[in-house]
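Secondary and tertiary structure notes
Each chain is listed here by its residues.
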Amino acid sequence: MIRDICKDEAFLQIPSEKATIEDLEIARDIVDTLIAHQEECVGLAANMISKSKNIIAVNIHGTVQVMLNPVITEAKNEYEAEEGCLSLDGVRKTKRFKSIVVEYDDLKFRKKSMKLSGFSAQIVQHEIDHLKGILI
Ligand SMILES: CSCC[C@H](NC=O)C(=O)O
């Protein structure tokens, strides 16, 4: 079960670092884990699988997207969401933004920017919070 792989590191803040070749192996682990648990999991942050790196993988409309060093640079239309977390029991209320722009490095270390809204934006906000040691 996915909850069994969520370690205590999910509660720790990860320092920001430049993306390196070793990040690619960690990204592979995160993607493999996400795909293996895709029935119960729509996103993972590196610290959830004990890797102290600023990396997330999110399932966006059925496609797994890896983001190295993701940063939200725009956020609009705050609302109260209800969401669950693999590291916690139950569902909780939390503030999210309906629409965001996230900047990140891709797997070829190219700077990317992606505009997201709705559930995809919610997942990215949730995973970036994990990297900051914030749980809903
Ligand atoms: C709505 S965001 C929920 C994200 C959660 N993954 C854990 O970080 C999951 O249920 O996959």
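None of these values were measured; they are calculated from a predicted model.

Some remarks on the site of the ligand
Around the ligand, the structure places Cys41, Val42, Gly43, Met48, Gly84, Leu86, Phe119, Gln122, Ile123, His126, Glu127 and His130. A distance of 2.7 Å separates an oxygen atom of the ligand from a polar backbone atom of Val42. At 2.8 Å from an oxygen atom of the ligand is found a side-chain nitrogen or oxygen belonging to Glu127. Out of a free accessible area of 340 Å², the ligand has 92% covered by protein chains. The class makeup of the residues in the shell around the ligand is six nonpolar, five polar and one charged.

Notes on the pattern of salt bridges
The tally for this structure, following the rule as stated, stands at 11 salt bridges. Close ionic contact of Glu22 with Lys53 constitutes a salt bridge, the shortest N to O distance being 3.8 Å. One end of the pair, Glu22, is in helix H2 (residues 21-36); the other, Lys53, is in the loop between strand S1 (43-45) and strand S2 (55-60), with 31 residues separating them in the sequence. Of the charged contacts in the structure, one is a salt bridge between Lys112 and Asp106, with a shortest N-O distance of 4.0 Å. Through salt bridges with shared partners, a single network forms among Glu22, Asp23 and Lys53.

Rules used in this analysis
- Residues numbered from 1 in each chain as written.
- Predicted model: local features only at pLDDT ≥ 70, side-chain atom pairs only at ≥ 80, totals over all residues.
- Heavy atoms only, no water.
- Near = heavy atom within 4 Å.
- Polar contact = N/O pair within 3.5 Å; in protein donor to acceptor, adjacent residues only side chain to side chain.
- Areas by Shrake-Rupley, 256 points an atom, 1.4 Å probe, with all protein chains shown as cover.
- Nonpolar A, V, L, I, M, F, W, Y, C, P; charged D, E, K, R; others polar.
- Salt bridge = Lys/Arg side-chain N within 4 Å of Asp/Glu carboxyl O.
- Helix = DSSP H or I, 4+ residues; strand = E, 2+ residues; numbered from the N terminus.

Remember, this is a structural readout, not a statement about activity or role.
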